Amino acid sequence: MTSPLPTSAPPLPEGRWNARLWGTLLVLCAAMFLDALDVSMVGVALPSIGSDLGLSTSTLQWIVSGYILGYGGLLLLGGRTADLLGRRQVFLVALGVFALASLLGGLVDSGPLLIASRFIKGLSAAFTAPAGLSIITTTFPEGPLRNRALSIYTTCAATGFSMGLVLSGLLTEASWRLTMLLPAPIALIALAAGLRLLPRSEREKDHDGYDIPGAVLGTASMLLLVYTVVQAPQSGWTSARTLLSFLAVAVLLTVFVSVERRSAGPLIRLAVLRSGSQVRAQLGAMAFFGSYVGFQFLATLYMQTLLGWSALHTALAFLPAGALVAVSSTKVGSIVDRFGTPRLIAAGFAFMVAGYALFLRVDLDPVYASVILPSMLLIGAACALVFPSLNIQATNGVANHEQGMVSGLLNTSVQVGGAIFLAVVTAVVTAGAPADPTPQAVLDSYRPGLTVVTVIAAAGLLITLPGLRSRRAPGSVVVARSTAPRTRTVARTDPRTDIEAAAGTVTTETGIETETVGARE
């Protein structure tokens, strides 16, 4: 178990963190910031990379897809590894690998080596992301402190993504290699700070063995799923290759579920998914990120291809959304405390649907302030509300020893949702590509894709609505507190239930049992 502070340290008053807690959070935020920064920076640099290294368009695609493949394919394994081998150890080793891969990517002169470095970076992010999130959820107690920490943490992702767009436009003017090298020194600084600040965590000693078959099957199925979705637009969605790949994914997932049901120490405890709030969080994450990635893809094409804007101009057009998220970071936690995650997620998806729908008004001569800016502000407000709330809802009420597992599952939902829905949007646009590619005809071919993006966000809203039915849906556990010194409560895990200790008892280290007195989402 991770122990954030010495066991003799008194609990901190709500809203007050000491320097060590701030340092811990900043290190974890730096890693999340780098993940988002790296994803957004590479897109703008692709034309320069292709020209310098002589790469074809299909090869360039794998500079992006290689990262997605490593990241999305190994998240389940990364999350469970953090639980079993120690969150601090896994996080620091993976962060070091990320720094080395960044250095390699900026120095290579070969397309295959660059793609390999991107895959390694994605692989390392698949371990830092769930490990970092689970360190937060086991360091900060459930409630206002954790909500505040998660709102700041998830804001760093949006800030990194927005800054990456701007920085890539600036750095690519000098050299595309700078976009690859920039994450390396930041990662090394975070690594040095993490060695001093991150709470020590021991390997889980009471687990029921390592689920090797589940790890192999889970990783293989996710890798194949992401690979199939990424390749489907090129191979054809109805081609034999694509259909056989999807069939193989279905078979692997079926066997994986069967293995997990029988495993004493499963990679994913399937009972967690019997919780309605957990399922809504996972599906909501897919719809949230999938719709946004599809929107950004089409909006970027529209601005650069049809309006003739530069990469930097396009990045600045997206900046208000990221700025709104950054400004609101310290407020979201208190809003969650007051209104609960279901209401905020529903409100955020409503903003997102409105923002996408308004963007359908764009033409070949838009007035930014009245046509594009309102959409960006609504989407920024949506991101500020939805992303932190999804993280809070997914991790609330989960025992410490399973935080890495749930964190990996949530990040997998985000990445797989992004890959699947981007591929769907791309297919819709490609199917409507005009024979005579006049600017107006091309814009008209984008509108069905924007409509699909809006429908995906609307589906996310519908998924969230059942969570509004009751104010006290299962999600976070409220237990009677002991006033005895140096007493820690440990939730008993019953594999037959979907929420840890949602109905039952908790046991203190002194052996005293207290009843669970309530639960809230």
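Description of the overall build of the protein chain
Alright, step 1. Helix and strand counts for the protein chain stand at 16 helices and four strands.
Alright, step 2. Residue burial in the protein chain is summarised as follows: out of 521 residues, 55% are buried.
Alright, step 3. Put simply, 81% of the contacts in the protein chain that link residues at least 6 apart link residues at least 24 apart.
Alright, step 4. As displayed, the protein chain offers around 21500 Å² of accessible surface, 66% of which is attributable to carbon and sulfur atoms.

Here's the deal with the pattern of salt bridges
Alright, step 1. Counted under the stated rule, the structure contains five salt bridges.
Alright, step 2. A salt bridge links D38 to K121, with the shortest nitrogen-to-oxygen separation between them at 2.5 Å. Taken together, the positions of D38 in helix α1 (residues 19-53) and K121 in helix α4 (residues 111-139) put the pair 83 residues apart, joining distant regions of the chain. Neither D38 nor K121 differs from the other in exposure class; each is buried.
Alright, step 3. Put simply, R177 and D109 hold a salt bridge, and the shortest N to O gap is 2.4 Å. Of this pair, R177 sits in helix α6 (residues 176-181) while D109 sits in the loop between α3 (87-107) and α4, placing them 68 residues apart in sequence.
Alright, step 4. By sharing partners, the salt bridges in this structure join D38, R118 and K121 into a single network.

Describing the side chain of S134
Alright, step 1. Looking at where S134 falls in the secondary structure, it is placed in helix α4.
Alright, step 2. A polar contact is formed between the side chain of S134 and the backbone oxygen of P130, at a distance of 2.9 Å.
Alright, step 3. S134 has contacts with R87, Q403, G404 and S407, leaving out every residue within four places of it along the chain.

Focus: the environment of L84
Alright, step 1. Here L84 shows up in helix α2 (residues 57-85).
Alright, step 2. By relative accessible area, which is 7% here, L84 ends up buried.

Focus on the confidence of the model for the protein chain
Low-pLDDT stretches of the model should not have their predicted coordinates read in fine detail.
Alright, step 1. Across the protein chain, the average pLDDT comes to 80, with 84% of residues at 70 or higher.
Alright, step 2. Mean pLDDT in the protein chain bottoms out at strand β4 (residues 513-520), which sits at 35, and peaks at helix α13 (residues 341-359), which reaches 95.
Alright, step 3. Across residues 1-13 the pLDDT falls below 50, and counting only partners more than four positions away or on other chains, this stretch makes 25 contacts in the model.
Alright, step 4. Note on residues 472-521: pLDDT under 50 across the span, and 103 contacts to partners over four residues away in sequence or across chains.

As for α4
Alright, step 1. Its 29 residues place the ends of α4 41 Å apart at the C-alpha level, agreeing with the 42 Å of an ideal helix rising 1.5 Å per residue.
Alright, step 2. Summarising burial for α4: 23 of the 29 residues are buried, a large majority.

Details of the packing of α13 against helix α16 (residues 439-464)
Alright, step 1. Contact geometry for α13 and α16: axes closest at 9 Å, N-to-C directions at 165 degrees. The angle between the axes of α13 and α16 places the two elements in the roughly antiparallel class. The handedness of the crossing between α13 and α16 is left-handed. The segment α13 lies against α16, with P342, I345, A346, F349, A350, M352, V353, Y356, A357 and F359 engaging L450, V453, T454, A457, A458, G460, L461 and T464.

Digging into the packing of aromatic side chains
Alright, step 1. Applying the stated criterion across every chain, the model contains eight aromatic pairs.
Alright, step 2. Measuring from ring centre to ring centre gives 6.3 Å for W237 and F246, while their planes differ by 15 degrees; the resulting arrangement is stacked.
Alright, step 3. With a relative accessible area of 28%, F246 lands in the partly exposed category.
Alright, step 4. Ring geometry for F295 against F318: centres 6.4 Å apart, planes inclined by 70 degrees, an arrangement best described as edge-to-face. Residue F295 is found in helix α10 (residues 276-306), and its partner F318 is found in helix α11 (residues 311-327); the two are separated by 23 residues along the sequence.
Alright, step 5. Overall, the relative accessible area of 1% leaves F295 in the buried class.
Alright, step 6. Taken together through their ring pairs, the aromatic side chains of F295, Y302, F318, Y356 and F359 make up a single cluster.

Overview of the environment of V39
Alright, step 1. Along the chain, V39 turns up in helix α1.
Alright, step 2. We classify V39 as partly exposed; its relative accessible area is 35%.
Alright, step 3. Taking the C-alpha atoms as reference, V39 lies 8.1 Å from Y67; in sequence the two are 28 residues apart.
Alright, step 4. Among residues more than four places away in sequence, those in contact with V39 are Y67 and F161.

Structural notes on the side chain of S375
Alright, step 1. Locating S375 in the fold gives a position in helix α14 (residues 368-395).
Alright, step 2. In this structure the side chain of S375 is engaged in a polar contact, spanning 2.9 Å, whose partner is the backbone oxygen of G355.
Alright, step 3. From its side chain, S375 meets the backbone nitrogen of F359 in a polar contact 3.2 Å long.
Alright, step 4. The residues touching S375, leaving out its near neighbours within four places in the chain, are G355, L358 and F359.

What to know about the packing of α11 against α14
Alright, step 1. One can describe the packing of α11 onto α14 by two numbers: an axis separation of 8 Å at closest approach and a directional angle of 35 degrees. The element α11 and its partner α14 pack so that their crossing is right-handed. Seen from α11, the contacting residues are L316, A317, F318, P320, A321, L324 and V325; seen from α14, they are Y368, L373, M376, L377, G380, A381, C383 and A384.
Alright, step 2. Here the contact of α11 with α14 is built from residues that sort into 14 nonpolar, one polar and no charged.

Some remarks on the nonpolar core
Alright, step 1. Counting residues in hydrophobic clusters, the biggest one holds 136 residues, and the most contacted among them are I49, I63, F91, F295, Y302, M303 and I372.
Alright, step 2. With 18 residues, the single largest contributor to this core is α1.
Alright, step 3. Aside from chain neighbours lying at most four places away, what touches F295 is F318, Y356, F359, M376, I379, L450 and V453.

Conventions used here
- Residues numbered from 1 in each chain as written.
- Predicted model: local features only at pLDDT ≥ 70, side-chain atom pairs only at ≥ 80, totals over all residues.
- Heavy atoms only, no water.
- Helix = DSSP H or I, 4+ residues; strand = E, 2+ residues; numbered from the N terminus.
- Buried < 20%, exposed > 50% of the residue type's maximum accessible area, 1.4 Å probe, protein only.
- Contact = heavy atoms within 4.5 Å.
- Areas by Shrake-Rupley, 256 points an atom, 1.4 Å probe, with all protein chains shown as cover.
- Salt bridge = Lys/Arg side-chain N within 4 Å of Asp/Glu carboxyl O.
- Polar contact = N/O pair within 3.5 Å; in protein donor to acceptor, adjacent residues only side chain to side chain.
- pLDDT = per-residue confidence, 0-100.
- Expected span 1.5 Å × (residues − 1).
- Axes fitted to C-alpha atoms, helices over the stretch in contact; angles between N-to-C directions.
- Parallel < 35°, antiparallel > 145°, perpendicular 65-115°, else oblique.
- Left-handed = near helix turned anticlockwise from the far one by under 90°.
- Phe/Tyr/Trp six-rings, centres within 6.5 Å; stacked < 30°, edge-to-face > 60°.
- Nonpolar A, V, L, I, M, F, W, Y, C, P; charged D, E, K, R; others polar.
- Core = buried A, V, L, I, M, F, W, Y, C linked by side-chain atoms within 4.5 Å.

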